[in-house]
Structures are given as structure tokens and as C-alpha cells.
Amino acid sequence: MMLRDPRRLLRVSVAPAAALAVAVLSSLSRCSLLEPEDCVISALSPYFGTKTRYEDVNPGLLLDPEAPRRDPELLEETCTPVQLVALIRHGTRYPTAKQIRKLRQLHGLLQARGPGDDKTCAAGSHDLRAALAAWPLGYAEWMDGQLVEKGWQDMRQLALRLASLFPALFSFENYCRLQLITSSKHRCVDSGAAFLQGLWQHYHPGLPPPDIADMECGTPRINDKLMRFFDHCEKLLTEVERNATALYHVEAFKTGPEMQNIVKKVAATLQVPVSNLSADLIQVAFFTCSFDLAIKGVKSPWCDVFDIDDAKVLEYLNDLKQYWKRGYGYTINSRSSCTLFQDIFQHLDKAVEQKQRFLTTWLLT
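Residues numbered from 1 in each chain as written. Predicted model: local features only at pLDDT ≥ 70, side-chain atom pairs only at ≥ 80, totals over all residues. Heavy atoms only, no water.

Basically, it comes down to this: UniProt positions are given in the numbering used here, feature names are shortened, and annotations may be inferred rather than shown by experiment.
As annotated in an unreviewed UniProt entry, the protein chain is Multiple inositol polyphosphate phosphatase 1 from Equus caballus. A UniProt comment under Sequence similarities (unreviewed entry) is attached to the protein chain, and it reads "Belongs to the histidine acid phosphatase family. MINPP1 subfamily." Its UniProt record gives the protein chain a comment under Subcellular location (unreviewed entry), which states: "Cell membrane".

Here is the structure:
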């Protein structure tokens, strides 16, 4: 039987990449979890990739976002957790400044049309275009990917779930053994701060959290070489990031028949010239539906511009880009992450060694 080691090391890393892949459930099945008037969904939700709101991936969050859930067979009674290493994506954020500029460009095209321009519009297209033109932009460049209040809540609730799921690891005596490492991206730094706020709530229920700097364990430690390794690997930067031909297949797909059919369809819906639209503008319109769902909890008119077939094409475009830029398209993509994974496994190995040493000492005494 494994004994609980008082010298356990707990290490939680906050990073802009998710370590776990989860299946996206049908948006229709989620309605059973909510009262009808609270069920804000979009049929496009399963196709947003990393822009999918967390509740659409884990419907259990809609019932009780602070309640831990585990497979009953995940941890046997004879198994004691020794260490937790978590690679966690940041909480819900605003669009980036680049995405907001593209959205403003689209919004400007809609508002540039004069009243007389609507005479040739089909009724449905006119109604949707008018709804989009009247829909508030809602995002400014200063927001630039910052964590929204919902994102702070995401991370506080995640901390509460983990603390409840692993009470021995998250005991108060282990609190200052916690190590939070983050990249310098403000949404990641803020996610780490929100996580610490959640732990404070766990240890001090009912008390407002102090400033992060005044907490026992201090602020998260920034380490871009570890958490944003893709920005510091010279070979990756040379062969992929700065290589104009690295995303050749992505650019080819943007100008291919599948994407161009969507461009023409959206141009007809918005009643703007096809020449004014591009695959990039179409993609930001698609993601605006996901941002409004995640940040505002509303199904905006942008969700009505696309159907499921469009969503599948746009999902493929995003997957294709990630495959060549971050995935297995080039060998260097995966090799560049070796530093991070080496760090993770070193800490796991150290925890096992400490456990074995403690067990041997206890048996000898």
C-alpha cells in the first residue's frame, strides 16, 4: 500500500495550450441540462476547435461548475496521488487585436451600404444583413486577447474542482509547495492569478482574496522558454514561422473551390462584392459566433451566416493551419516541445523517487 508522503511536490503549470483532448458533444443534447429559456446554443459549436466555449466541451459545467467529476475507476482506494502536473489552457478571452480589426472591416462593409442598396436583396438576406449591421461590434483593439471576467471565473472554478478532486494534494500544508508557471501572455498570467484566487476560496471560504502578491505563495513565475517554446526554437522559426512557403497547403485551400464557394455564399448573404471578402475575413466572422457565445452567452446573428456544411469546411481550414504550423506537418514542430515535456517528466520522476525513498525509510524504521 502506498503511503501519503508529507514531502509531496505539487506543480501546476498555466499555459496557452491544452493538454487534454475531449470530445465535443452535440449541442442539442445540452438543452436537457438547462431550463429552455437558459439554453443558448449554436449548431456550429462542435466546429470551433480551440475557440469552443468550455461548457460546450464539458456540459457538466452547466449543472455545477465547481463540482469535481471523475470516472469511479480512475483512482482505486489503494492508490494515493503523489503529484499533479497540469498543462492548462487559459480561460475565456477576448478576440485578438488582429481579429478585431478584421471584424471591424466586415462591419464597415455592412454599414457602408446605403438605403437604396437593399432593393435587390432577397428578403432573408436583407433581414440578416440588417441584423448584422445593427449588431454592436462589442470589441475594441485594446482588448487584444485579454482574459474576460468569464475567463477569470473559468480558472477559479477549475482550481476549486481540482482541489476537491485531489484533497490530499491540495491540503493546506501543501499550499506553498504549489508552483505556477506561465508564459508572459497577459491572458495566461491572469489565468494563473485567477487559479490562485480559486485556491484561496478553497482554503478560506467566504473571505475575499487578497492581492496575488500578498498570498502565501506569491505570483506565478513567467518562463517563456518553457511555456512558449515555439517562439524560442530557432529552427522552428526559420523553417516554419519565417518560411513563406511553410503554409503552402493552407493558402491553396483558401483559394480552392470549397472555401471560395463559402466566400461567394457569404458575399450574397451580406450583399457585398465577392472581391471585398477573403477566407481570412470569413473565418473571423465564423469565430465571432463562438466569441459571442463564450464571452456574452448570446447567439449572435453571425451564427446564422453559416450552416453545418460551411462549419465543416472552416473547421478543416483551421485544423490544416494548425497541422502545418504546430502539428505533425513538419518534424521540427513536435521536436520543439521536447524541452517542455522533458521538464514535466523530470518532475514526475523526482516525485516517484521521493516516494520510494520515503517508503524505504519508513519500512526500515
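1. Thoughts on the state of the cysteines
Rule in force here: When two cysteine sulfur atoms are found within 2.5 Å, that pair is recorded as a disulfide. Each helix is a run of H or I in the DSSP string that is no shorter than four residues. Each strand is a run of E no shorter than two, and both are numbered from the N terminus. Residue burial is assigned from relative accessible area. The probe radius is 1.4 Å, only protein chains are included, and a residue is buried under 20% of its type maximum, exposed over 50%, and partly exposed in between.
Taken as a whole, this structure holds one disulfide when the rule is applied. Here Cys289 pairs with Cys303 through a disulfide, and the sulfurs are 2.0 Å apart. Where Cys289 bonds to Cys303 through sulfur, the torsion about that S-S bond is close to 95 degrees, and the disulfide is right-handed. Taken together, the positions of Cys289 in helix H11 (residues 279-296) and Cys303 in the loop between H11 and helix H12 (308-325) put the pair 14 residues apart, joining distant regions of the chain. With no disulfide partner, Cys338 has as its closest neighbouring cysteine sulfur the one in Cys233, 9.3 Å distant. Cys338 sits in the partly exposed class, given a relative accessible area of 47%.

2. Some details on the pattern of salt bridges
Note the threshold: A pair is scored as a salt bridge if a Lys or Arg side-chain nitrogen falls within 4 Å of a carboxyl oxygen belonging to Asp or Glu.
Per the stated rule, a full pass over the model turns up 16 salt bridges. Among the salt bridges present, the one from Asp56 reaches Arg53, with a minimum N-O distance of 2.8 Å. For the pair formed by Asp56 and Arg53, the shared burial category is buried. Across the pair Arg101 and Glu141 runs a salt bridge whose closest N-O atoms are separated by 3.0 Å. Linking Arg101 in helix H3 (residues 97-111) with Glu141 in the loop between helix H4 (123-134) and helix H5 (149-165), this pair joins segments that are 40 residues apart in sequence. With relative accessibility at 43%, the residue Arg101 sits in the partly exposed group. You can call Glu141 partly exposed: its relative accessible area is 31%. In this structure, a network of salt bridges that share partners links the residues Glu55, Lys150 and Asp154.

3. So, unusual backbone geometry
Its identity is not glycine, yet Asp144 carries a phi of approximately 30 degrees, on the positive side. Note on placement: Asp144 falls in the loop between H4 and H5. Asp144 gets classed as partly exposed once you look at its relative accessible area, which sits at 33%. Despite not being glycine, Gln271 shows a phi value in the positive range, around 55 degrees. Assignment of secondary structure puts Gln271 in the loop between helix H10 (257-270) and H11.

4. What to know about the environment of Thr269
Relative to the helices and strands, Thr269 resides in helix H10. Residue Thr269 is classed as buried on the basis of its relative accessible area of 14%. Taking the C-alpha atoms as reference points, Thr269 and Phe306, separated by 37 residues in sequence, lie 9.8 Å from one another.

5. Some thoughts on the packing of aromatic side chains
Note the following rule: Between rings of Phe, Tyr and Trp, where Trp is taken as its six-membered ring, a pair exists when centres lie within 6.5 Å; planes separated by under 30 degrees are stacked, by over 60 edge-to-face, and by other angles tilted. A ring has a charge above it when a Lys NZ or an Arg CZ is no more than 6 Å from the ring centre and no more than 35 degrees off the ring normal.
This model, assessed by the stated rule, comprises 11 aromatic pairs. The interplanar angle of 80 degrees and the centroid separation of 5.3 Å between the aromatic rings of Phe172 and Tyr203 together place this pair among those described as edge-to-face. Placement of the pair is Phe172 in the loop between H5 and strand S3 (179-182) and Tyr203 in helix H6 (residues 186-203), with a sequence separation of 31 residues. Judged by its relative accessible area of 15%, Tyr203 falls in the buried class. Seen in terms of ring centroids, Phe286 and Phe287 are 5.8 Å apart; in terms of plane orientation they differ by 45 degrees. Their pairing is tilted. Accessibility classification places Phe286 together with Phe287 in one group, the buried group. Here the aromatic residues Phe48, Phe286, Phe287 and Phe306 are joined through ring pairs into a cluster of three or more. If you follow Lys51 out to its NZ or CZ, it ends over the ring of Phe287, 4.8 Å from the centre. Across from the ring centre of Phe230, 4.2 Å away, lies the NZ or CZ of Arg326, which sits over that ring.

6. A closer look at the nonpolar core
Just so we agree on the cut-off: Among buried residues, the Ala, Val, Leu, Ile, Met, Phe, Trp, Tyr and Cys ones that are joined through side-chain atoms within 4.5 Å form a nonpolar core. By the convention used here, residues are in contact when the closest approach between their heavy atoms is within 4.5 Å.
Counting 45 residues, the largest nonpolar core has Leu106, Met259, Leu277, Ile282, Phe286, Trp302 and Phe306 as the members making the most contacts within it. Mapped onto this core, the elements with two or more residues apiece are H3, H4, helix H9 (248-254), H10, H11 and H12. The dominant element in this core, judged by the number of residues it contributes, is H11, at 10 residues. Those residues in contact with Leu106, other than ones at most four positions away along the chain, are Leu270, Leu277, Leu281, Val284, Ala285 and Trp302. Leu84, Phe195, Trp200 and Met215 belong to the second largest nonpolar core, which has 26 residues in total.

7. Observations concerning H6
Rules: Every helix has an expected span of 1.5 Å times one less than the residues it contains.
Helix length check: H6, at 18 residues, gives a terminal C-alpha distance of 26 Å against a target of 26 Å (1.5 Å per residue), a fit within 8%. Summarising burial for H6: 13 of the 18 residues are buried, a large majority.

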